[in-house]
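Listed below, chain by chain, are the residues.
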Amino acid sequence: MSELSGLQPNPIGRWIAFGLILTLLGGVFSLAVKTMLPDKEYPEISEYEPWSEEVIETARGLPIHEGGRVKPFETYAGFTLLGMRGDRGLRILGEDGEMIKIGPVEWMLDALFRPELGKQLPSFRVDNSDVFETIGMVGKEKRDRYSYAELEPHLEQLITVSTEFQELKDQGTELSTVQKQTVELAYNIRVYEQILSYFDFARYGVEFQGFSESGQDDQKPMSVTLSMAPVLQQAMSDVPSPDQLPARLSHILQQVHSLANRSARSLVIFPPGDAENEQWRAAGNLIFEVMVTGEHENPAQAIADIQALEYLMATTISEDKGAFPVALKKLQGNVEERARARGEYRAVPWELSYNEANWFFRATFLAFVPACLFLVLSWLSPKSTFARVMTWLVWTFSVAGLAAIVVGTAQRVIITQRPPVTGLYDTIPFITAALIIVAMIAELLTRRRIAIAIAPIVGFTGLVIARLFEYGDASDPNDPLLAVLRSNFWLTTHVLTITFGYAAGFLTAAFGLVYLFMRILKLDGGDKSVRRFITRMTYGCVCFTLFLSLVGTVLGGIWANYSWGRFWGWDPKENGALLIVIWMLFILHARMGGIIREWGTNLCAIFGAVVVTFSWWHVNLLGVGLHAYGFSESRKLAVFIFYGMIGVVILVGFGFAVYDRFNKQAKPQRAGPEPPAIPPETVEA
Amino acid sequence: MRQIPLMVLLLASFLMPGCKNIPAEVEIDETRELNSMDERSRLHASGWQRFRPGERHYVYEVPEGWLRRKSTQMRQVNFGFGPEGRGEVYVSETRGDLTQNVNRWRGQFGLEPISVGEMSSLPRVMALGAELALVEAKGTFGPGMGKDSRPDYGLLGVIGGTRDGVITIKMVGPAALVEQEREHFLQFCRGLALGE
Amino acid sequence: MADETESKRTTRKKSLGTRIVNILAGFHIACVCLLLLGILTWLGTLEQAEHTLLATTKKYFSYENFFLFPEFNEKTIPIPIPSGFWVGLVFFFNLLLATILKVRRGVKQIGVLISHCGMLLLLVGAFVTQVKSERGNMAIDEGEVSDVAQHYTDHVIEVSETDEGKASKVHIIATKYLKDLKPEMVRLFRMKSLPFDVEVNDYHQNAMPLPVETLDQAQLSGVELLDGFVLDGREPDQKEAERDLAGCHVSILDKDGKKLDRVLLSSACVHPASFEVGERVYTITIRKALWKMPFEVQLDKFTHEFHPGTRRPRVFRSDITRLEEDGETEKVIRMNHPMRHNGYTFFQASWGPQDDPTATKFYSVFEVVKNPADHWPLVSLIITGIGLLVHFVMKLVSFITKQMEKNVRA
């Protein structure tokens, strides 16, 4: 630091700062680890045989149409499991008590092909044991996982109770947390049941009554039944309404209806024959369209598809263990070929590689955690060679982490063919990367080893927040947007600028915090030039934030005006961005007018973090307007905790500043070079 | 010193908008151009045609002494009469066939059901613009559905079929009261018509 | 001596005037305005979650109030805050004066100057939009033609003369005469060129006509029954003022004040009420104010698509033909791609019937906007952006140069 005045930085202050940062990092780490905590106990399923690598590899690449786009089976399975269980894998104890890890692909394969085993897997997370009271079940402790089989006896009551709650909600009543979780559990059960029942048509077939002379009932496969469609269609057109069909035909129709309903969701893997049509179908849709409405454009193809599924199902119970993988591969190859022909397969291999690379996870734990560690170590003996080596390692690992974020984001852009920021989730890695880049540039310019400290801390915190968001939201952020957000140019410019603006706002606050802690913990050693330097950085950041937020806000207005006719709709998110602009303008003009000086500028900059948080997160929680695509109350709590922390810090800073001022006025000036008094208007105006 | 009149002026201009005049009479001279919506208006539209277009409704005159009751899903037009409102008259749209409904009413009074053939021998009265069957009954009224039986009750009912179902006009109450209101009932039925 | 005192007095007078201008153009007023605008925006955003957008914007930013009392957590806070319009006005003049004064400060301020001009343009544009823009709703069935849009919230009473079963001349009782009416008030409208007058009472901002069959005898006493219907006053809609449907009772009086007829009016109607005066038939109705376009729009086809397999909207598209005196033009209006013509902009706003999955014939709803300041925000942004960029780059360059000098020296 400064050698001129001969004043030494306060060692106690440094240790306090050290401790605070350690606490912060520790807190973030514990939040991250929370999402990876193993279950308290693993169920024993001794007859469980894990799926072979071959099968898993084939299955994960099966193209499936879900959420409005074509994605690999692995993604679909991953998000479905995440939504139900709160994580992306589960463990059980198999034969001889050995632990078996089950990933999302295997989990879903179990539900589809081996439901008796699937039902025993702990697929459902129930956070609050009070939920069990509402359905008449005795639960274990809070926060645990349950299997379908354990919940099965109580399902009827669950449905009754959740329907009641849903009606309450529709009438406008606010549900309690337990009620919301009950409704969510019922929803997850329904989703799971649709997967469990998908292959029922292949398991059971259709019962034919009254067709043979001997009066014997006959069970025929669905594909055979479907080939009877023309007969049924003819019969239906001969009578005025379906309930007047001959009994044996209506018996078939009823069964077909019911089985079709059970396979109408989850595996939507059959692309339509004509290029115009965008709607892929599940087995149930095929059955329905061939048999009930008679509208399928190519019944022969549909029947062949159903046959393929029936064969696949048959191989799961055959003696030949090798038959299933082959059949599955054949199916996968068939779907892939048809998807390719329609140009819809392009993104699938990219997405498989993206899933496998798991960029953000790797960046967090393989890059930023070590970087933070090295950072902390580098502070233990500053100015030593050891410290320099540590700092170099911090640089290396932070760059690696940044590269991972950038590559991951780039892959997502390739997969979705959309700009990198289009939803709330996207803003988090983006802002993290932006802050890291700026911190690195600042370090290169200033070389005081202050700016580079920001990189790993921000990287780690940002990605952990992203992970928490992903786990809480449990929906695929790559699914296509609402119609209203579809015009790419303005969308890109507006959203990117605003997001950069948020990053800049946090950076401004960061500099303010650096100043505050430096002053309170006396890390500057009384050197005024350091203080002025930091304040200049803060001020520069204020201007930068202002520019980005203002341009972003007005761009948003222009976009809205061209698309919907309203430049300014007083949408809460728009208002939030405006608040950032107003606050930055205030800091600027107050500084120029001499109303605030060093302390004032930095404290106001710290408050900027509150304003940015309000705009970035809080407005989504108000639930009004076009920007309301967010979710739950744990976030609201987090936001208020953040407000509280910043509030405390500002109050402490304010108190210190007042105390300092008071002291200065009471005591005579210290010895040492005193910079000449500078009138406020000319300072960086 | 010079600032004072300025301030007074400013203050006055602040207070001015506070006093707004609400006239009780206004002269109207404004007109507008005709547009495509004007071609679609109908003249002489009735209240139902203006406010509930396409909905089935009834036109009728309310006899003296009949008090209105809220319509329900089963009773499109609903009245009560007599002391303690024991008597009720209502128009109802229902399903099934004529004989089924008549026999339901008869069953409520403990009478034997009649056959389709016997239906044609029931007396006719004018209602809804046609000659419709009139059903009469006396005795203990057991409406079913968990309600208590009432002795000495009477029924007058008119029933007719339309394309979409069956319309009934039913009067039930203490026998003497029903007898009293018989003429009012028949008058009501004669005047009852389906609105356009 | 006298000269000195004289010049001293002149100097003092000058400095008083200059001082006032300096204050008005100064940073303190700017900061106060900014803080107030910030607080208003923040409280308004929170309050908007509970009340309609229209009501909140009116409360916080209309020129009709000078002060307002904000609500927080549904409790009114007894601290008055100046209304947004007036703060904005003060801020505008502050900005204007400051910009004018800055011109004298020199080239170094050029970036700031440019951006201030940009902001002034934005504020003026906002004002123009507030005062001079019109917007309305146009719903057209497939195959039909329309040349008129409906205002979103303003109701008018229309009295029409008829000729051979159709309206021939339409007289308007404007919104401003109905806006302030309360149910207990009575207002007489003297129709200058008609042989009768219209007296309005029981005016409700939101009401529904109910058939008499839905009431029981007790409810009937004290309400007026007209043509089998009763006017049921309701609370104005808290979330969307557009949903309010006005209703009232109207007496048709002859020029001597004798009552000729009495009618129930409701905006929730498809046909007007008819009455006769003399030998002629007139109609009267209350409806959202109509706004005629200088051209006709014919809806040829409406298409809507959801993202395959989901209920998320993907495309809403109307194929229309624009009919004008000098010919027909085919156009497409889609979500995010409006049609701009002659100062009018047509946006794809809604469609129907949304609750009937078997429907084959659709209708499309357009939002029509006429705003003379349509493109001003873009211009203003460009100007401000350039100004800020110039200023920022100048600052950054000077900062980097100083840092590099320091690094070299160190």
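Further up the page is the structure itself.
Everything numeric in this text was worked out from a predicted model, so none of it was measured.

Novice: Explanation requested: the overall build of chain B in the structure shown.
Specialist: The secondary structure content of chain B amounts to six helices and 11 strands. Relative to its 196 residues, chain B shows a buried fraction of 40%. Residue pairs in contact within chain B that sit at least 24 positions apart in sequence constitute 48% of those at least 6 positions apart. Of the roughly 11800 Å² of accessible surface on chain B, a fraction of 55% belongs to carbon and sulfur atoms.

Novice: I'm lost on the overall build of chain C in this one. Help?
Specialist: A count of helical and extended segments in chain C gives seven helices and 21 strands. Since a compact globule built from 410 residues should have a radius of gyration of about 22 Å, the 29 Å found for chain C marks it as more spread out than a globular shape. For chain C, the spread of C-alpha atoms along the principal axes amounts to about 95 × 70 × 50 Å. Looking at chain C as a whole, 45% of its 410 residues qualify as buried. Pairs at least 24 apart in sequence give 54% of the contacts found in chain C among residues at least 6 apart.

Novice: What exactly am I supposed to notice about a nonpolar patch on the surface here?
Specialist: All names here are of chain C. Residues Val107, Ile110, Ile382, Ile386, Val390 and Met394 make up a contiguous nonpolar surface patch of roughly 490 Å² in combined accessible area. Positionally, Ile110 belongs in helix H5 (residues 110–132). Take Ile110: its relative accessible area is 34%, and that puts it in the partly exposed class.

Novice: I'm lost on the environment of Leu226(A) in this one. Help?
Specialist: Residue and element names in this part refer to chain A. Note on placement: Leu226 falls in helix H11 (residues 222–226). Separated by 60 residues in sequence, Leu226 and Leu286 place their C-alpha atoms 9.6 Å apart. With near-sequence residues (within four places) excluded, Leu226 lies in contact with Ile287, Val290, Met291, Ile303 and Ile306.

Novice: Is there a simple way to explain the pairing of strand S5 (residues 134–141) of chain C in this structure?
Specialist: Regular strands place side chains that alternate from one sheet face to the opposite one. Residues and elements named next belong to chain C. Summarising the sheet, S5 and strand S21 (residues 363–370) pair through eight bridges and their orientation is antiparallel. Bridging across to S21, Asn137 finds its partner in Glu367. Judged from the two bridges that link them, S5 and strand S6 (residues 145–163) form a sheet pairing that is antiparallel. Paired with Asn137 across the strands is Gln150, a residue of S6. The loop that links S5 with its antiparallel partner S6 comprises three residues; one of these, Gly143, has a positive phi angle of about 90°.

Novice: Would you explain the interface of chain A and chain C in this entry?
Specialist: In many analyses, interface size is given as the accessible surface area lost on bringing the parts together. Each side of the interface is counted separately: chain A has 55 residues, and chain C has 51 residues. Summed over both sides, the interface of chain A with chain C buries roughly 5000 Å², with 67% coming from carbon and sulfur. Across the contact surface, chain A and chain C share zero salt bridges. Scanning the region where chain A abuts chain C turns up one residue pair in polar contact (both at pLDDT 80 or more). Broken down by secondary-structure element, the contributors of at least two residues to the side of chain A that touches chain C are helix H20 (424–446), helix H23 (528–564) and helix H24 (572–592) of chain A. Top contributing element to the side of chain A that touches chain C by residue count: H23(A), with 15 residues. Class assignment of the residues belonging to the side of chain A that touches chain C gives a composition of 36 nonpolar, 14 polar and five charged.

Novice: Would you mind showing me how to read the side chain of Lys573(A) here?
Specialist: Mapped onto the elements of the fold, Lys573(A) is located in helix H24. A distance of 3.5 Å separates a polar atom in the side chain of Lys573(A) from the backbone oxygen of Ser615(A).

Novice: What am I meant to see in the packing of H20(A) against helix H21 (residues 451–473) of chain A here?
Specialist: Angle between the axes and distance between the axes: these two values describe a pair of packed helices. Residues and elements named next belong to chain A. H21 packs onto H20 with a crossing angle of 175° between their chain directions and a minimal axis gap of 8 Å. As summarised for this structure, H20 and H21 are arranged roughly antiparallel, according to the angle between their axes. Counting all contacts with H20, which are made through Leu424, Tyr425, Ile428, Pro429, Thr432, Leu435, Ile436, Ala439, Met440, Ala442 and Glu443, the residues of H21 involved are Ala451, Ile452, Ile454, Ala455, Val458, Gly459, Gly462, Leu463, Ile465, Ala466, Phe469 and Glu470. Its residues placed into classes, the contact of H20 with H21 shows 18 nonpolar, three polar and two charged.

Novice: I would appreciate a short explanation of the interface of chain C and chain B in the present structure.
Specialist: If you look at the interface, chain C gives 62 residues, while chain B gives 47 residues. Summed over both sides, the interface between chain C and chain B buries roughly 4700 Å², with carbon and sulfur atoms accounting for 56% of that surface. With a shortest N-O distance of 3.7 Å, Asp29(B) and Lys192(C) are connected by a salt bridge. Between chain C and chain B we count 24 residue pairs in polar contact (both at pLDDT 80 or more) in total. Examining the composition of the side of chain C that touches chain B, we find that eight residues originate from one element, strand S7 (residues 166–173) of chain C, more than from any other. Partitioning the side of chain C that touches chain B into residue classes produces 33 nonpolar, 14 polar and 15 charged. One ladder, built from two bridges, connects strand S2 (residues 31–32) of chain B with S7(C); its direction is antiparallel. Bridge assignment links Thr31(B) to a residue of S7(C), and that residue is His171(C).

Novice: What's the story with the pattern of salt bridges in this structure? I'm lost.
Specialist: Think of it this way: side chains of opposite charge can pair up when their charged atoms draw near. Residue and element names in this part refer to chain B. All chains considered together, the criterion is met by 50 salt bridges over all chains. Arg52 serves as the salt-bridge partner of Glu55, at 3.5 Å between the closest nitrogen and oxygen. With relative accessibility at 38%, the residue Glu55 sits in the partly exposed group. Since its relative accessible area comes to 23%, Arg52 is described here as partly exposed. In this structure, Glu88 engages Arg69 in a salt bridge whose closest nitrogen and oxygen atoms are separated by 3.6 Å. Of the two residues, Glu88 is situated in strand S6 (residues 87–94) and Arg69 in strand S4 (residues 67–69); the sequence distance between them amounts to 19 residues. Exposure remark for Arg69: the relative accessible area of 25% places this residue in the partly exposed category.

Calculation rules
Residues numbered from 1 in each chain as written. Chains lettered and ligands numbered in written order. Predicted model: local features only at pLDDT ≥ 70, side-chain atom pairs only at ≥ 80, totals over all residues. Heavy atoms only, no water. Helix = DSSP H or I, 4+ residues; strand = E, 2+ residues; numbered from the N terminus. Buried < 20%, exposed > 50% of the residue type's maximum accessible area, 1.4 Å probe, protein only. Contact = heavy atoms within 4.5 Å. Areas by Shrake-Rupley, 256 points an atom, 1.4 Å probe, with all protein chains shown as cover. Rg over C-alpha atoms; globule rule 2.2 N^0.38 Å. Patch = residues over 30% accessible without salt bridge, like charges linked within 9 Å, V, L, I, M, F, W, Y side chains within 5 Å. Salt bridge = Lys/Arg side-chain N within 4 Å of Asp/Glu carboxyl O. Pairing = 2+ DSSP bridges. Buried area = accessible area lost by both parts, 1.4 Å probe. Polar contact = N/O pair within 3.5 Å; in protein donor to acceptor, adjacent residues only side chain to side chain. Nonpolar A, V, L, I, M, F, W, Y, C, P; charged D, E, K, R; others polar. Axes fitted to C-alpha atoms, helices over the stretch in contact; angles between N-to-C directions. Parallel < 35°, antiparallel > 145°, perpendicular 65-115°, else oblique.

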